[in-house]
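Structure assessment
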Amino acid sequence: MNQNLKKRGSGLALLPFLIFIAIYLGAGLYLQAKGQEMAFYQFPSVTAMFIAVIAAFCMGRETLDQKFSIFARGAANENVLTMLMIYILAGAFSTVAKEMGGVDATVNLGLSIIPVQLLTAGVFVISAFLGTATGTSVGTITALVPIAVGLAAESGLSVPLMLGACAGGAMFGDNLSMISDTTIAATKTQGVAMRDKFRVNFYIALPAAALTLVLLLVIGCPDTVAAMGERTVEIVKVIPYVLVLALAIIGVNVFLTLTIGIFTAGIIGMICGNLTIFTYAQAIWNGFTGMSEVFFLALFCGGISELIAHNGGIVWLIHKLRGMMRGQKSAQIGTAALVSLADCATANNTVAIILCGNVAKDISREYQVDPRKTASLLDVFSCVFQGIIPYGAQLLMAASLASNTYNIAISPVEIVPHMWYCWALAAFGLLSVFVPFADKICRKDPWNWEYDVAESGVAAKKEQIEK
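Residue indices begin from 1 for each chain and proceed along its sequence in written order. Confidence filtering applies because this is a predicted model: local features only for residues at pLDDT of at least 70, side-chain atom pairs given and counted only at 80 or more, and all residues used for totals across whole chains, interfaces and linings. To obtain the side-chain values, all non-hydrogen atoms of the structure were included, while hydrogens and water were left out.

For the protein chain, the mean per-residue pLDDT works out to 81, and 87% of the residues sit at or above 70. A residue's pLDDT is the confidence the predictor assigns to it, expressed on a 0 to 100 scale. Secondary structure elements are taken from DSSP: a helix is a run of H or I of four residues or more, a strand is a run of E of two residues or more, and numbering for both begins at the N terminus. Mean pLDDT values for the elements of the protein chain range from 49 in helix H1 (residues 3–8) up to 94 in helix H22 (residues 420–434). Contact criterion: two residues are considered in contact whenever any of their non-hydrogen atoms come within 4.5 Å of each other. Segment residues 1–6 is flagged for pLDDT under 50; beyond a separation of four residues in sequence, or across chains, it makes five contacts in the model. Ignoring residues within four places in sequence, the model shows residues 457–467, a span with pLDDT below 50, making zero contacts including any to other chains.

Time to look at the packing of aromatic side chains. Between 30 and 60 degrees the pair is tilted, below 30 it is stacked and above 60 it is edge-to-face, where a pair is any two Phe, Tyr or Trp rings, Trp via its six-membered ring, whose centres lie within 6.5 Å. Enumeration over the complete set of coordinates arrives at eight aromatic pairs. Linked through ring pairs, Phe57, Phe68 and Phe71 together constitute an aromatic cluster.

Attention shifts here to a nonpolar patch on the surface. Like charges within 9 Å and nonpolar side chains (Val, Leu, Ile, Met, Phe, Trp, Tyr) within 5 Å are joined into patches, using only residues over 30% in relative accessible area that form no salt bridge. Here the accessible surface of atoms and residues is derived via Shrake-Rupley with a 1.4 Å probe, and residues count as covered only by protein chains that are part of the display. Any carboxyl oxygen of Asp or Glu that lies within 4 Å of a side-chain nitrogen of Lys or Arg is treated as forming a salt bridge with it. On the surface, a cluster of nonpolar side chains totalling about 670 Å² of accessible area is made up of Phe263, Ile267, Met270, Ile271, Ile277 and Phe278. Elements with a contribution of two residues or more to the nonpolar patch: helix H13 (254–272) and helix H14 (277–290). The leading source of residues in the nonpolar patch is H13, at four residues. Along the polypeptide, Phe263 turns up in helix H13.

The subject of this paragraph is the environment of Glu154. With respect to the helices and strands, the residue Glu154 is situated in helix H8 (residues 137–155). Each C-alpha atom, one on Glu154 and one on Asp104, is 9.3 Å from the other, the two residues being 50 residues apart in sequence.

What follows is about the environment of Met49. Along the chain, Met49 falls in helix H3 (residues 45–57). Residue contacts for Met49: discarding those within four places in its chain leaves Phe17, Phe20, Leu297, Phe300, Cys301 and Ile304.

Here you go:
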């Protein structure tokens, strides 16, 4: 690869992801127009991604062994492996809890407490609280989706709408939480305090959440409510879910939380007579294998993202967007577009922020955009697109758990229109650029640009000396 290509990147490197989207969405939309049931399940997403991987391997001048090393580096990335482990443990927990009667017990308890008309709004609020407390959208979805799907199925509510409410609340928490990876990445790359980024971000996220809540209360209520009748609540079978939620809130490691949940559900199931040691072991295995689609898709996605980055796809995006910037507002829109496209290319909002962080900081200095606003935009728009791409971890997890828990076949694409919070967040994020209602802290405490530039110069000299 010559120096000019390295500097400008290559738009052709993005072709594999375009192939995946064209095949997966194209086939689904075509079959849906033809009236085919479960249209988006007729051409498996993993097969579409496998074709995209082959296309990625056909690009570049490296040998096949070198390309595989690059692919393996992406697939074996710590973030990817973490997601894979969470997937299989979440699958095991949801399956064991279902087999021991935990889902039915929790659904009955929920329906006996919350009016059916308020279920979707209630799930959104609970999910938003849990996501903010734990800082993990995937962990929140893992804990709540089995319950949310059960509530929807038993009460006659739309399952995709309920999944959208749950995943939307989780993305609210992912965006705002002080302990979220995206918050840490955004603030560290821009050199701002977490509390300052939170205060700017809050004015964008809160109205989006409020609008979502209103929509769920008004539009999200069913026209007719199924008769619930008398429901038996077995409190002891609710314990695994309560325990998992409590451990997540107090900050226990997600792997330990899910493992404790698996064993707690198994022990209660054997005491109550729903499980034997053999059916318990079988349920764990069924939970592992039930997550095979999302497991392989995440694995392929991690590898192909590394190949795309190596071939200059991300650099090309950065170069093209920087050329469109003319002033403060266009610089902010460019930053938002940059991290959005990076997230679409990597399917990981934290990685997208890290990839774009240094460039976004340079843009902030060049166009005098307050870095606290830049950090907020990076976090907001990475979370927006992470919540609406059908191959992202959040929607894949939600759809897989719906299938695992209640055998309801839901495609991630079917959830996208119901991600009302993410659509509202995008709207308020763009509005905040042209009507700076979220910039109160920036006006109250202006950024010291001279100090920032001086410090960056010192850091650059220090780095040069160290090299």
